[in-house]
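The primary structure of each chain is shown beneath.
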Amino acid sequence: MTTHYLILSGLLFAIGALGVLVRRNAIVVFMCVELMLNACNLAFVTFARQVGNLEGQIIAFFVMVVAAAEVVVGLAIIVTIFRTRRSASVDDANLLKY
Amino acid sequence: MESPVEIVQHTAGGVIGASWLMIAFPLLGAFILLVFNRFTNRWGHLLGVAMSLASFVVAVLAFFELLGLGEEQRRQAVHLYEFIPGMVDMGLLIDPLSISFALLITGVGSLIHIYSIGYMAHDEHRRRFFSYLNLFVSAMLLLVLADNYVGLFIGWEGVGLASYLLIGFWQFKPSAATAAKKAFVVNRVGDFGLLVGMFIMWTTFGTLTFSQLGEEVGKGASNGTLTAIGLLLLLGACGKSAQLPLQSWLLDAMEGPTPVSALIHAATMVTAGVYLVVRSGAFFFPEGSAQALAVAIVGAATLLAGAIIGCAKDDIKKGLAGSTMSQIGYMMLGAGLGPAGYAFAIGHLITHGFFKADMFLGAGSVMHGMNDEVDMRKYGGLRKYMPLTFVTFIVGYLAIIGFPLLSGYFTKDGIIETAVHHQPVLGWLAVLGAGITGFYMSRMVFMTFFGQKRWAENAHPHESPAVMTLPLIILSIGSIFLGGYLILSNTLMDFLAPAVGAPEVRPEFHPFTTPGLATLALVAVGAAYAWMKYGKAEVPAVQPRGSFLTTFARRDLYGDAINESLFMRPGQWLTRLAVFFDNRGVDGVVNGLAAGIGGSSGRLRRLQTGFARTYALSILIGAALLTGALLLVGTI
């Protein structure tokens, strides 16, 4: 009964992960990360419904809160990098290395 | 043989009870001069002389107090304090042997102190010089006065230290610094022998006090032990007294100021080995035992080696140093003959202390007048310019070659006669040595005081001040009369008998014996040959190449070369091997480990590319692997 939800969740997660790996634009990468988080949320909610308790639902809220906070910090960083380097490509921000 | 009398514990006070003052005075002098250093610059030399003289006064008083005691009372042990609880009581032994040494050390020592006032007058470090001299006198007195081997050893090391400091007194000269180091290192070899000898004494007899050791040895000890101890003590004596094979340091030690050469490296310290052998007579018993024979052989070999070296040296002090080696060889030979030779050995030691100090100070006086020139080829004809130095030097010269009726004649003749009687081969070698002595000492006198002037351009020879010539005069008076007084009616032998024992047959002095006449004839031949070569003929101002034998003697019988090839080179190889092992082995492991870690981390950090998407991929792969692993574990 919940199989379809889980398949959808897996698909969303795979799409998100692929997006993180192949896209260069930081904003898109960021959105893909959100997609992965929400795929997880879907899985949590699905399992909560299947098992019949609320814990999965609660975790989903936590994830949303953390994601919101992350968006605030992450977007701030991306905007700042864009301002200084005129680029939102994640590959251009590669100074922190060996 | 009459054995020495028992040592009695000294109870009454008197000068003997306070004989530690002898050691304390110069020690205090050295302390004050070293601690209050430049504040004492103005009067430091006077304090040094005063302390040495004070010691001499105590020694003379103790000597007369000892003379006042009966013969069986003449070995007085003075207890001072417990040094190592249950092991060593520090005490002094005042007996004829030690008091003879004390008189020589403080007497000749004081004269040399006085002489040094003049000799070192222009040296800005004169005060330091006197502090070291005082330190030396103090340590030397501890060496001869201590009633146990521990005290003796402390004094032994003390004189070694003073010798080191004084040889290297002009340490700004690299040669002096090296010579001081050499003396110190060679002496360590001898000290090792003395120390191990003491260890064996302690484990075998359980005591290091002379009196108790005498008793324990008297109760019986295995010959092997006695031989081992005897040979080890001989090694110690060889180091301190510059006997073969540890002779190499003495010639270099002449780098020190001349009064040092006279006091330490002629009159007193270098004779400590003879003192050690005579004092340890119990271990060299019976006469003719292996260890006693070894002493005599070492003595005979050294007296020839020293004489041969003395023949070829153009440096007046090194010539005298070779002669010192040779004369101590005579003393060792005498000491190796047992109680029959002890009195002559000590007698020669005392007269040698006078005439050799006389000649060394004379040489110093010549150097003082000749801008510190030591090359005898640059002297010549000095007798008119330094009459007092000349006369006193001639007295010392006649004494050392054994000119009849002078000091050296009686004591050296005594050793030769006794040696010929006990060990004929060694005795005749000693006769030969006396002939060579006649040659090289005459050579020295002719090159210095006779013949043509061969001076440097700026030399203005002049007689030294009275403060230097007065000690010379006193020493030369001793060089004339002392030997006859000590030997003729066996005065010294009877005086020493309570301490070292006396031979069964009292020797009587015969002026015309075969060895005696042979000695005189050889000395005359040697002196005449020297006159032909260096008196009558002109002395070349530059050293001629010389025969093989001359080179042999000039190079100190290749003693340094032998030491170098036998000990120094293998030692260097060993250190090089150790350095190689350290560099390649130990350092290799440590450096290799560090390089390995550094290299691999250098490669590992290439993973940090700076591309965020690469990191994301590795995170994803990691997470996938982790999940896979969890699933795998879950299914099992």
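These numbers come from a predicted model, not from an experiment.

Here we look at the overall build of chain B
Thinking step 1. When you go through chain B residue by residue, the secondary structure sums to 24 helices and 3 strands.
Thinking step 2. When its C-alpha atoms are laid out on the principal axes, chain B stretches across 120 × 65 × 55 Å.
Thinking step 3. Taken across its 636 residues, chain B has 53% of its residues classed as buried.
Thinking step 4. For chain B, the share of sequence-separated contacts (at least 6 apart) that also reach a separation of at least 24 residues comes to 82%.

Remarks on the overall build of chain A
Thinking step 1. The helix and strand tally for chain A stands at 3 helices and 0 strands.
Thinking step 2. Listed by position from the N terminus, the elements making up chain A come as α-α-α.
Thinking step 3. Along the longest, intermediate and shortest principal axes, the C-alpha atoms of chain A span 50 × 25 × 25 Å.
Thinking step 4. Counting across all 98 residues of chain A, residues that qualify as buried make up 13%.
Thinking step 5. Sequence separation of at least 24 residues holds for 48% of the intrachain contacts in chain A that already meet a minimum separation of 6.

Observations regarding the UniProt feature "transmembrane region" (unreviewed entry) in chain A
Thinking step 1. Annotation from UniProt places "transmembrane region" (unreviewed entry) at residues 6-22, 27-47 and 59-82 of chain A.
Thinking step 2. Counting secondary structure, residues 6-22 of chain A comes out at 100% helix and 0% strand; the distance between its end C-alpha atoms is 24 Å.

Points about the interface of chain B and chain A
Thinking step 1. Between chain B and chain A, the contact holds 11 residues from the first and 10 residues from the second.
Thinking step 2. The residue inventory of the side of chain B that touches chain A, partitioned by class, reads 5 nonpolar, 3 polar and 3 charged.

Notes on the pairing of strand S3 (residues 88-94) of chain B
Thinking step 1. Across the 7 residues that make up S3 of chain B, a large majority, 5, are buried.
Thinking step 2. Count of turn residues in the strand S2 (residues 76-84) of chain B/S3 of chain B antiparallel hairpin: 3 residues, of which Gly86 of chain B carries a positive phi of about 75 degrees.

Considerations on the packing of helix H14 (residues 316-335) of chain B against helix H15 (residues 339-369) of chain B
All names here are of chain B.
Thinking step 1. One way to put it is that H14 packs onto H15 with a least axis distance of 8 Å and a crossing angle of 170 degrees. By the criterion of interaxial angle, the relationship of H14 to H15 is roughly antiparallel. Contact residues: H14 offers Ile316, Lys317, Leu320, Thr324, Gln327, Tyr330, Met331, Gly334 and Ala335, while H15 offers Gly341, Tyr342, Phe344, Ala345, His348, Leu349, His352, Lys356, Met359, Phe360 and Ala363.
Thinking step 2. Considering only residue class, the contact of H14 with H15 consists of 12 nonpolar, 6 polar and 2 charged.

A short note on the sheet that holds S3 of chain B
Residues and elements named next belong to chain B.
Thinking step 1. Read from one edge to the other, the open sheet built from 3 strands follows the order S1-S2-S3, with strand pairing classed as mixed. Taken across any chain shown, the strands that pair with only one partner, and hence form the sheet edges, are strand S1 (8-9) and S3.
Thinking step 2. With 7 bridges connecting them, S2 and S3 associate as antiparallel partners. What sits directly across from Gln76, in S3, is Ile94.

Here's the deal with the domain arrangement of chain B
Thinking step 1. What the domain assignment reports for chain B is domain 1 (360-554) and domain 2 (565-635).
Thinking step 2. Spacing between the C-alpha centres of domain 1 of chain B and domain 2 of chain B amounts to 76 Å.

Criteria and thresholds
- Residues numbered from 1 in each chain as written.
- Chains lettered and ligands numbered in written order.
- Predicted model: local features only at pLDDT ≥ 70, side-chain atom pairs only at ≥ 80, totals over all residues.
- Helix = DSSP H or I, 4+ residues; strand = E, 2+ residues; numbered from the N terminus.
- Buried ≥ 20, exposed ≤ 12 C-beta atoms within 10 Å, placed from the backbone.
- Contact = placed C-beta atoms within 7 Å.
- UniProt positions renumbered as here; feature names shortened; annotations may be inferred.
- Nonpolar A, V, L, I, M, F, W, Y, C, P; charged D, E, K, R; others polar.
- Pairing = 2+ DSSP bridges.
- Axes fitted to C-alpha atoms, helices over the stretch in contact; angles between N-to-C directions.
- Parallel < 35°, antiparallel > 145°, perpendicular 65-115°, else oblique.
- Domains from an automatic or database assignment.

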